[in-house]
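Structural characterization, general
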Amino acid sequence: MAKMQSRHGETKMKAVEALVRLQAHLTREQADEVSARILEILESSRGAPQRSLMIRALGPLKSRLSVKPLTALVRDRTERNVHVKRRAMATLLEIGDLDGVRAVVEALTDEDVYVRQGAAFLLAGLFGEEFGFDPRATAAQNKASLEKFRAAWVKKFGRAWDE
């Protein structure tokens, strides 16, 4: 863990990559600790490629600690890098937490067509279809598709959408 506190980006990245390779051998508490450290580094990272790699590293750890910050990133209107947002959505689906998957379903209503497109593509992989969703269409035109995605979420997690 000492390497992860280094201020050198390359050293941090190598430390993160090594820890992720060990993820199969980590306890839940250790995976949560690694996730917390990665999230700390992510918070101070500015470059999109480094941020995307940090976000990708969180997926295999499957820590619920990552869900809230990644959800906030997906919802952040000041984050203009679509690739970072798409990576965050993919990682949320990999973690598999119901709140994370809900955030990706909600991204179907994002103002950015590329975020909507990414969300639809990723959710189609999870649910097996796109339910006729068109990322270029208006919210009113996609209303039925959005309801189908929400129904698929309800079926998968056994919870009401409004909970």
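Preceding this paragraph is the structure being described.
Quick notes on the rules
Residues numbered from 1 in each chain as written. Predicted model: local features only at pLDDT ≥ 70, side-chain atom pairs only at ≥ 80, totals over all residues. Heavy atoms only, no water. Helix = DSSP H or I, 4+ residues; strand = E, 2+ residues; numbered from the N terminus. Expected span 1.5 Å × (residues − 1). Buried < 20%, exposed > 50% of the residue type's maximum accessible area, 1.4 Å probe, protein only. Arc of directions from axis to C-beta. Phe/Tyr/Trp six-rings, centres within 6.5 Å; stacked < 30°, edge-to-face > 60°. Salt bridge = Lys/Arg side-chain N within 4 Å of Asp/Glu carboxyl O. Lys, Arg positive; Asp, Glu negative; His and termini not counted. Contact = heavy atoms within 4.5 Å. 1 Å grid on protein atoms, 1.4 Å probe; cavity = no way out; pocket = protein on both sides within 12 Å on 5 of 7 lines; lining within 4 Å. Points joined across faces, edges and corners; volume = space filled by probe spheres on them. Nonpolar A, V, L, I, M, F, W, Y, C, P; charged D, E, K, R; others polar. Axes fitted to C-alpha atoms, helices over the stretch in contact; angles between N-to-C directions. Left-handed = near helix turned anticlockwise from the far one by under 90°.

The end-to-end C-alpha distance of helix α2 (residues 28-44), which contains 17 residues, comes to 25 Å, matching closely the 24 Å that a straight helix rising 1.5 Å per residue would cover. For α2, every residue scored as buried is listed here: A31, V34, S35, I38, L39, I41 and L42. The buried residues of α2 occupy an angular sector of 160° when projected down its axis, which confines them to one face. Summarising the geometry of α2, the exposed residues directed more than 90 degrees from the buried face are E29 and E43.

With that settled, the discussion passes to the packing of aromatic side chains. Pairs of aromatic rings are described using the distance from one ring centre to the other and the angle between the two planes. Summed over the entire model, instances satisfying the criterion amount to five aromatic pairs. Seen from their ring centres, F127 and F149 are 6.4 Å apart, and the 50° between their planes marks the pair as tilted. Remark: F149 occurs in helix α8 (residues 143-157) and F127 occurs in helix α7 (residues 113-127); sequence separation between them is 22 residues. Take F127: its relative accessible area is 18%, and that puts it in the buried class. By relative accessible area, F149 is classed as buried at 0%. Between F131 and F149, the aromatic rings sit 4.9 Å apart at their centres with planes inclined by 85°, giving edge-to-face as the arrangement. Here F131 is found in the loop between α7 and α8, whereas its partner F149 is found in helix α8, with 18 residues between them in sequence.

For the rest of this paragraph, the subject is the pattern of salt bridges. Taken as a whole, this structure holds 10 salt bridges when the rule is applied. The shortest N-O distance in the salt bridge between K85 and D110 comes to 4.0 Å. Taken together, the residues K85 in helix α5 (residues 82-95) and D110 in the loop between α6 (98-106) and α7 connect sequence positions 25 residues apart. For the pair shown, K85 and D110 are each scored as buried. Notably, a salt bridge pairs R136 with D134, separated by 3.3 Å at the nearest N-O pair.

Considering the arrangement of structural elements, one finds R116 in helix α7. D110 is the oppositely charged side chain nearest to the buried, salt-bridge-free R116, at an N-O distance of 5.8 Å. If near-sequence neighbours (up to four positions away) are discounted, R116 is found in contact with A107, L108, T109, D110, E111, F133, P135, R136 and A137.

So, about the layout of surface pockets. Quantified by volume, the largest pocket comes out at close to 200 Å³. Around the largest pocket, the lining residues are L39, L42, E43, R46, R51, P69, L70 and L73. Looking at the lining of the largest pocket, the elements with two or more residues in it are α2 and α4 (67-75). Grouping the amino acids of the lining of the largest pocket by side-chain chemistry returns five nonpolar, no polar and three charged. Taken as a whole, the second largest pocket holds about 150 Å³ of empty space. For the lining of the second largest pocket, the secondary-structure elements that each account for two or more residues are α4 and α6. Class assignment of the residues belonging to the lining of the second largest pocket gives a composition of three nonpolar, one polar and five charged.

Relative orientation of the contacting elements α5 and α6 amounts to 145°, with a least axis distance of 8 Å. As for the relative orientation of α5 and α6, their crossing is left-handed in sense. Only G100, V101, A103 and V104 of α6 make contact with α5, whose side of the interface consists of M89, L92 and L93. Broken down by class, the residue content of the contact of α5 with α6 amounts to six nonpolar, one polar and no charged.

Any functional reading would require information beyond the geometric quantities listed.
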